Amino acid sequence: MKKGWLVFLLLLSAHALAVPVEIKVNLRVGDRPLQWGQTYQTPQGQRYQIDLLKFYISEVALVRPDGREVRVDGLALAEFKRDGPTQGVSVMKLDVPAGQYRGLRFNVGVPRELNHLDAGTQQLPLGVNSGMYWAWNPGYIFYRLEGTALLPEGNQKWVIHMGTDTFRIPVRLHDLQTRRVQINIPPGGGVIVLNLDVARAFEPGPGGVFVDWRKQPLRQLHGLSPETSLLMSVVYFNMQTAFSLAQ
Amino acid sequence: MRRRPMVWVGLLLGVGLLGWYFWPRSAPPPPLHPSSPRILFAERSVPIPEDNPQTPAKVALGRKLFYDTRLSKDNTVACASCHKPEFAFSDGGKAVSTGIFGRKGTRNAPTLTNVGFRRHLFWEGRSPRLELQAVGPLTAHDEMGLEPEELAQRLQAIPEYAQAFREVFGEPPSLRAVTYAIAAFERTLVSYNSPFDRYQAGDDQALSPAALRGMELFFSEKGDCFHCHVGPDFTDDEPRNTALYTVYKDIGLARATGKDEDVGKFKTPTLRNVALTAPYMHDGSIRTLREVVQHYNRGGEPNLNADALIRPLGLTDQEVDDLVAFLEALTDTSFTTNPALLPPGGQGGAP
């Protein structure tokens, strides 16, 4: 009986110590803030604009200095639409104990156990109304980046729809060894600001391969198709370093 | 005293008989619409998912949506633009369909005949139900191209739709509700009144001699159509490589699985109303039924992923003609002219 009360009190105190924390995202192109309608250039000299970005963030955990993790349930859908804000956009709210952390980790994507549920029966941020359900391929698009390529022959829409369990992107922004990463959550709660460099997707891969929008099939990067999987893997690899903690 | 047990037995039997007579029984499924042709394939009824019960109001709403071009980004494309009733809800004569802003698709629009019975949807067969399949064309950039928010706002601004969604779903329009209503309508696209069905029902005159010979071939190892085109709808719903090409431009199921062995695999289509759904194959590359039969008779093109059943069949020209005659006997014109399935008000467009 005494043990039960002890557990109850411990749970109560842990809950009482949890403070609200907000994760915000700044969209960047390189080190500059993303601006809708602005024309950018890939390392290969192809000009483009960004039209839409949506992605799931899930399996978030803050990492304590001793390596233990404070894991956060739930997932959120981050949405950036043309003419909407691109800086300091709130993407997820969580409750964690105040204190010092050595960073955080999360996945861009939907956990496997949620990814294959019947999307017709799911509520936002999942479900078909999210605009992230894939329809021809069971599961959700995890990272949806769309834009316009300004090619000599005319403007062409392009999309990068990354999904399937293979392409769930692990983002690791913690450092237990060098003390370079410090996140302080004050007793009153706090904000963690992330930078996301959307242009990282276009960095060349092994052998200099890149997303060449002059080729029609490469304007539709999605799924596991052998036609485009090499480039999808390049984008996937690049995306793992596209997020950083804002200073 | 000795006769009392007999009285009790009689009484119990009487009560039992009365109970049997009056016991409530599950009624046979009602016809999906009043003018449905008689379904000859026994008492086969379309499976209805628990989360999307069929109601007349929902079917009516789905029918309006199906024929409404306002469900597309540039107001030019409805579901019915590529699934036309007169072609058994396929895209009559077109290899691939045209979506918004004149954008061409890459695949042939399949018939929706008996689509409510399909276990796998899309040419890859990767969608498990009609409600989820409908998300694809409604949102694809080369089909109807609407984001969920835009679709919901557009329908909410049309008073008749706003009211209909409230009445049917108890909520405002949304992509989800749209797909549920369209799926409900699609489950009424039932066709079982072809000459073949009438022959099955006992009408010996329903099939021509050529069609009868074709039927024998179809279900024989020589013709060997029936291993894949099996069951009441002549499909096993499974993806197969039919050796259409040696190198497939459209890689089919592999697009979703990433597996080399799935390159060139596409779902076996139903053959009901197949004479109305030319051109054929996943890309509409074969113009006539006769050419399709000839493709299988030749054994297709060399392909490592080709289905094991694909091989030269050795059919004579007469046998090819007979098979075509049988395939033509799967046509159900009462389906394509059924008023309950045509555009509401005879026009389509506005609800």
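Residues numbered from 1 in each chain as written. Chains lettered and ligands numbered in written order. Predicted model: local features only at pLDDT ≥ 70, side-chain atom pairs only at ≥ 80, totals over all residues. Heavy atoms only, no water.

### Considerations on the overall build of chain B
Here's step 1: Scanning chain B from N- to C-terminus turns up 14 helices and two strands.
Here's step 2: Across the 351 residues in chain B, those meeting the buried criterion constitute 50%.
Here's step 3: A fraction of 69% describes how many contacts in chain B between residues 6 or more apart in sequence connect residues 24 or more apart.
Here's step 4: As displayed, chain B has an accessible area near 16,900 Å², and 59% of this comes from carbon and sulfur atoms. (Helix = DSSP H or I, 4+ residues; strand = E, 2+ residues; numbered from the N terminus. Buried < 20%, exposed > 50% of the residue type's maximum accessible area, 1.4 Å probe, protein only. Contact = heavy atoms within 4.5 Å. Areas by Shrake-Rupley, 256 points an atom, 1.4 Å probe, with all protein chains shown as cover.)

### Digging into the overall build of chain A
Here's step 1: Helix and strand counts for chain A come out as three helices and 15 strands.
Here's step 2: Taken as a whole, chain A presents about 11,600 Å² of accessible surface, with 54% of it coming from carbon and sulfur.

### Describing the pattern of salt bridges
Here's step 1: This model, assessed by the stated rule, comprises 40 salt bridges over all chains.
Here's step 2: In this structure, the salt-bridge partner of A:D212 is A:R214, at a minimum N-O distance of 2.8 Å.
Here's step 3: For A:D212, a relative accessible area of 6% translates into the label buried.
Here's step 4: It is possible to trace a salt-bridge network through shared partners that takes in B:R118, B:R119, B:D197, B:D233, B:D237, B:K267 and B:R272. (Salt bridge = Lys/Arg side-chain N within 4 Å of Asp/Glu carboxyl O.)

### Quick word on the interface of chain B and chain A
Here's step 1: Counting residues at the interface gives 25 residues for chain B, matched by 23 residues for chain A.
Here's step 2: Applying the counting criterion to the chain B and chain A interface returns four salt bridges.
Here's step 3: Joining chain B to chain A, the criterion identifies nine residue pairs in polar contact (both at pLDDT 80 or more).
Here's step 4: Sort the elements by how many residues they give to the side of chain B that touches chain A and helix 11 (residues 254-257) of chain B lands first, with four residues.
Here's step 5: Split into classes, the residues belonging to the side of chain B that touches chain A amount to nine nonpolar, seven polar and nine charged. (Polar contact = N/O pair within 3.5 Å; in protein donor to acceptor, adjacent residues only side chain to side chain. Nonpolar A, V, L, I, M, F, W, Y, C, P; charged D, E, K, R; others polar.)

### Quick notes on the packing of helix 12 (residues 289-298) of chain B against helix 13 (residues 317-328) of chain B
Residues and elements named next belong to chain B.
Here's step 1: Between helix 12 and helix 13, whose axes approach to 9 Å, the crossing angle comes to 125°. As far as their axial angle goes, helix 13 and helix 12 are oblique. Classified by chirality, the crossing of helix 13 by helix 12 is right-handed. Residues L289, R290, V293, Q294 and N297 of helix 12 form the contact with helix 13, whose own contacting residues are D317, V320, D321, L323, V324, L327 and E328. (Axes fitted to C-alpha atoms, helices over the stretch in contact; angles between N-to-C directions. Parallel < 35°, antiparallel > 145°, perpendicular 65-115°, else oblique. Left-handed = near helix turned anticlockwise from the far one by under 90°.)

### Here we look at the packing of aromatic side chains
Here's step 1: Taken as a whole and assessed by the stated rule, the structure comprises 34 aromatic pairs over all chains.
Here's step 2: Measuring from ring centre to ring centre gives 5.3 Å for A:F106 and A:F243, while their planes differ by 90°; the resulting arrangement is edge-to-face. Within this pair, whereas A:F106 is found in strand 8 (residues 103-108), its partner A:F243 is found in strand 15 (residues 243-245), the two being separated by 137 residues in sequence.
Here's step 3: Relative accessible area serves as the criterion here: at 0%, A:F106 is assigned to the buried category.
Here's step 4: Three or more aromatic residues joined by ring pairs form one cluster here, namely A:Y40, A:Y48, A:W158, A:F202 and A:W213.
Here's step 5: Lying over the aromatic face of B:Y180, B:R176 brings its terminal NZ or CZ to 4.1 Å of the ring centre. (Phe/Tyr/Trp six-rings, centres within 6.5 Å; stacked < 30°, edge-to-face > 60°. Lys NZ or Arg CZ within 6 Å of the ring centre and 35° of its normal.)

### Some words on unusual backbone geometry
Here's step 1: Residue A:L124 is joined to A:P125 through a cis peptide bond whose omega torsion reads 10°.
Here's step 2: Residue placement: A:P125 occurs in the loop between helix 2 (112-115) and strand 9 (141-151).
Here's step 3: Geometrically, the link from B:A278 to B:P279 is a cis peptide bond, its omega value of -5° lying close to zero.
Here's step 4: Looking at the secondary structure, you find B:P279 in the loop between strand 2 (266-267) and helix 12.
Here's step 5: Positive phi is not limited to glycine here, since B:A243 has a value of about 55°.
Here's step 6: Among the structural elements, B:A243 can be located in the loop between strand 1 (239-240) and helix 11.

### Here we look at the confidence of the model for chain B
Detailed reading of the predicted coordinates is not advisable wherever pLDDT falls low.
Here's step 1: Averaged over all residues, the pLDDT of chain B equals 90, while 86% of them reach at least 70.
Here's step 2: In the model, residues 24-37 of chain B has pLDDT below 50 throughout and makes 18 contacts with residues more than four positions away in sequence or in other chains. (pLDDT = per-residue confidence, 0-100.)

### A look at the environment of A:F237
All names here are of chain A.
Here's step 1: Positionally, F237 belongs in helix 3 (residues 229-239).
Here's step 2: We classify F237 as exposed; its relative accessible area is 60%.
Here's step 3: Sequence separation between F237 and I169 is 68 residues, and the spatial gap between their C-alpha atoms is 8.5 Å.

### Examining the packing of helix 2 (residues 56-66) of chain B against helix 8 (residues 175-186) of chain B
Residues and elements named next belong to chain B.
Here's step 1: Look at helix 2 against helix 8: their axes get within 7 Å of each other, and the N-to-C directions meet at 100°. By the angle between their directions, the pair helix 2 and helix 8 is classed as roughly perpendicular. Taken together, the residues of helix 8 that come into contact with helix 2 (itself represented by K58, V59, L61, G62, R63, L65 and F66) are V178, Y180, A181, I182, A184, F185 and E186.
Here's step 2: For the contact of helix 2 with helix 8, the per-class residue count stands at 10 nonpolar, one polar and three charged.

### Regarding the pairing of strand 10 (residues 154-163) of chain A
All names here are of chain A.
Here's step 1: Taken together, the 10 bridges between strand 9 and strand 10 define a ladder with antiparallel strand orientation. Each residue of the ladder has a partner; that of G147, found in strand 10, is W158.
Here's step 2: Counted along the chain from strand 9 to the antiparallel partner strand 10, the turn is two residues long.
Here's step 3: Looking at chain direction, strand 10 and strand 14 (residues 220-222) are connected through three bridges and run parallel. Paired with I160 across the two strands is L221, which belongs to strand 14. (Pairing = 2+ DSSP bridges.)

### Points about the side chain of B:T277
Residue and element names in this part refer to chain B.
Here's step 1: Here T277 shows up in the loop between strand 2 and helix 12.
Here's step 2: Among the polar contacts made by the side chain of T277, one reaches the main-chain carbonyl oxygen of V274 at a distance of 3.1 Å.
Here's step 3: Setting aside chain neighbours within four positions, we find T277 in contact with F87, A88, S90, N108 and T111.

### Some words on the state of the cysteines
Residues and elements named next belong to chain B.
Here's step 1: Applying the stated criterion across every chain, the model contains zero disulfides over all chains.
Here's step 2: Just so you know, C79 is unpaired, no disulfide at all, and the nearest cysteine sulfur is the one on C82, 8.7 Å from it.
Here's step 3: Cysteine C225 is unpaired, with the sulfur of C228 as its nearest cysteine sulfur at 9.1 Å.
Here's step 4: A relative accessible area of 18% means that C225 is categorised as buried. (Disulfide = S-S within 2.5 Å.)

### Quick word on helix 7 (residues 159-169) of chain B
Residue and element names in this part refer to chain B.
Here's step 1: All buried positions along helix 7 are accounted for by Y161, A162, A164, F165 and F169. Down the axis of helix 7, the buried set is contained in an arc of 165°. They therefore lie on one face. Within helix 7, the exposed residues directed more than 90 degrees away from the buried face are P159 and E167.
Here's step 2: Looking at the buried positions of helix 7, the neighbouring elements they touch are helix 2, helix 6 (148-156) and helix 8.
Here's step 3: Immediately beyond the C-terminal end of helix 7, within one or two residues, lies G170, with a positive phi of roughly 70°. (Arc of directions from axis to C-beta.)

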